[in-house]
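# Results of the structural survey
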Amino acid sequence: VTGADICGFIFDTNAKLCARWYAVGAFYPFARNHNNKVEIAQEPYVDMFKTQIPGSTFTYTDFFRIMYWKRYALHRYQYSYLHRASTDGSVYFKPLFFNYPADSSAYKRIEYNILLGDSVKLSPALEESQVTTFYFPDKNAVWCPIWPGKFNKCLSGASSQSQLLNFDEVWVHIKSGSIIPLQLGDLKTVPKNINMDSLKNVTLDLAVLCDTNYKASGFMRFDDGETQNMDAFSEFYFNATGSSP
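Structure report, in brief. Being a predicted model, the structure only gives us computed values, none of them experimental.

Time to look at the nonpolar core. In terms of nonpolar packing, the biggest core is built from 46 residues, with F63, L74, I146, V172 and L184 touching the most fellow members. If one sorts the elements of this core by residue count, helix α2 (residues 60-73) sits on top with seven residues. Not counting residues up to four positions away in its chain, the partners in contact with L184 are W69, Y72, A73, W147, V190, P191, I194, L199 and V202. Core analysis: the second largest hydrophobic core is formed by 15 residues, Y100, F136, A141 and L165 among them.

As a further point, take the packing of aromatic side chains. This model, assessed by the stated rule, comprises 17 aromatic pairs. Measuring from ring centre to ring centre gives 4.9 Å for F49 and F64, while their planes differ by 75°; the resulting arrangement is edge-to-face. With F49 in the loop between α1 (15-25) and α2 and F64 in helix α2, this pair connects stretches of sequence that are 15 residues apart. The exposure class of F49 is buried, given its relative accessible area of 0%. Given the relative accessible area of 2%, F64 is considered buried. An aromatic cluster of three or more residues is present, and its members are Y22, F49, F63, F64 and Y68. R109 extends its terminal NZ or CZ atom over the ring of Y112, reaching a point 4.4 Å from the ring centre. The ring of F136 carries K121 above its face, with NZ or CZ at 4.2 Å from the centroid.

Following the criterion strictly, the structure yields two disulfides and no others. One disulfide bridge connects C144 with C154, the sulfur atoms lying 2.0 Å from each other. Residues C144 and C154 are joined through a disulfide that is right-handed, its torsion about the S-S bond being 110°. Taken together, the residues span a long stretch of sequence, with C144 in strand β5 (residues 142-145) and C154 in the loop between β5 and β6 (155-156) at a distance of 10 residues. Counting only the cysteines that take part in disulfides, in the order they occur along the protein chain, gives the pairing 1-2, 3-4. Among the cysteines around C210, which has no disulfide bond, C144 carries the closest sulfur, lying 11 Å off. On the basis of relative accessible area, C210 is assigned to the buried category, the value being 10%.

Cut-offs applied
Residues numbered from 1 in each chain as written. Predicted model: local features only at pLDDT ≥ 70, side-chain atom pairs only at ≥ 80, totals over all residues. Heavy atoms only, no water. Core = buried A, V, L, I, M, F, W, Y, C linked by side-chain atoms within 4.5 Å. Buried < 20%, exposed > 50% of the residue type's maximum accessible area, 1.4 Å probe, protein only. Helix = DSSP H or I, 4+ residues; strand = E, 2+ residues; numbered from the N terminus. Contact = heavy atoms within 4.5 Å. Phe/Tyr/Trp six-rings, centres within 6.5 Å; stacked < 30°, edge-to-face > 60°. Lys NZ or Arg CZ within 6 Å of the ring centre and 35° of its normal. Disulfide = S-S within 2.5 Å.

Listed below in structure tokens is the structure:
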């Protein structure tokens with residue numbers, strides 16, 4: 001598992017840089033805010049993050065919290081793929097061409113187009129005040145936002161989308177034909193002071209997006225959260241068939 005130190009390790013950071021970093025770093029397989037002891041403090045609660053983000057109703061601290069709620073929301077999905085990676089060598093956090101090697105567009109702007117497993121795409125805006133072009137693969141697929149915000153439309157596969165994303169808008173899409181485990185689907189109802197232990201008591205939903213044949217499938221692995229025996233786990237497979245997408 002990998003993940004660069006969020007907000008950076010060497011040299012002083014700033015609020016805008018940290019916000020961009022949290023937008024992608026919250027989805028790293030290994031996510032932590034960490035820096036050198038001689039640099040300025042960059043924990044989410046320090047004073048420089050208590051100011052309001054330009055053009056937003058959030059402070060930077062609010063934004064960091066929301067991004068980690070989204071990480072928690074996808075925890076079961078992420079854990080399932082990372083557990084599978086430990087047994088079959090597959091990759092969770094990857095560029096598009098890992099899944100779409102025959103698509104020449106999947107090799108372009110790889111840092112803006114990230115697959116999480118096989119069913120979720122992360123599209124981070126890495127530059128400030130810049131229109132960014134994102135690519136959504138698979139001409140037979142549709143990609144729909146898991147948390148609709150300013151941009152709430154589903155997007156067709158094998159298409160590029162150019163948008164200016166604000167700090168408080170991070171694109172995370174589910175691919176048609178998928179079923180994924182999801183918690184905290186409504187971020188407005190997140191329990192106070194939630195952590196990984198209390199997440200066990202939060203309802204687990206299945207997010208379903210059927211394909212053009214009105215079918216979807218997915219899987220989930222889980223264990224007791226304590227065992228070090230990688231063979232001691234349960235795995236469930238899900239299938240859905242509907243009369244409409």
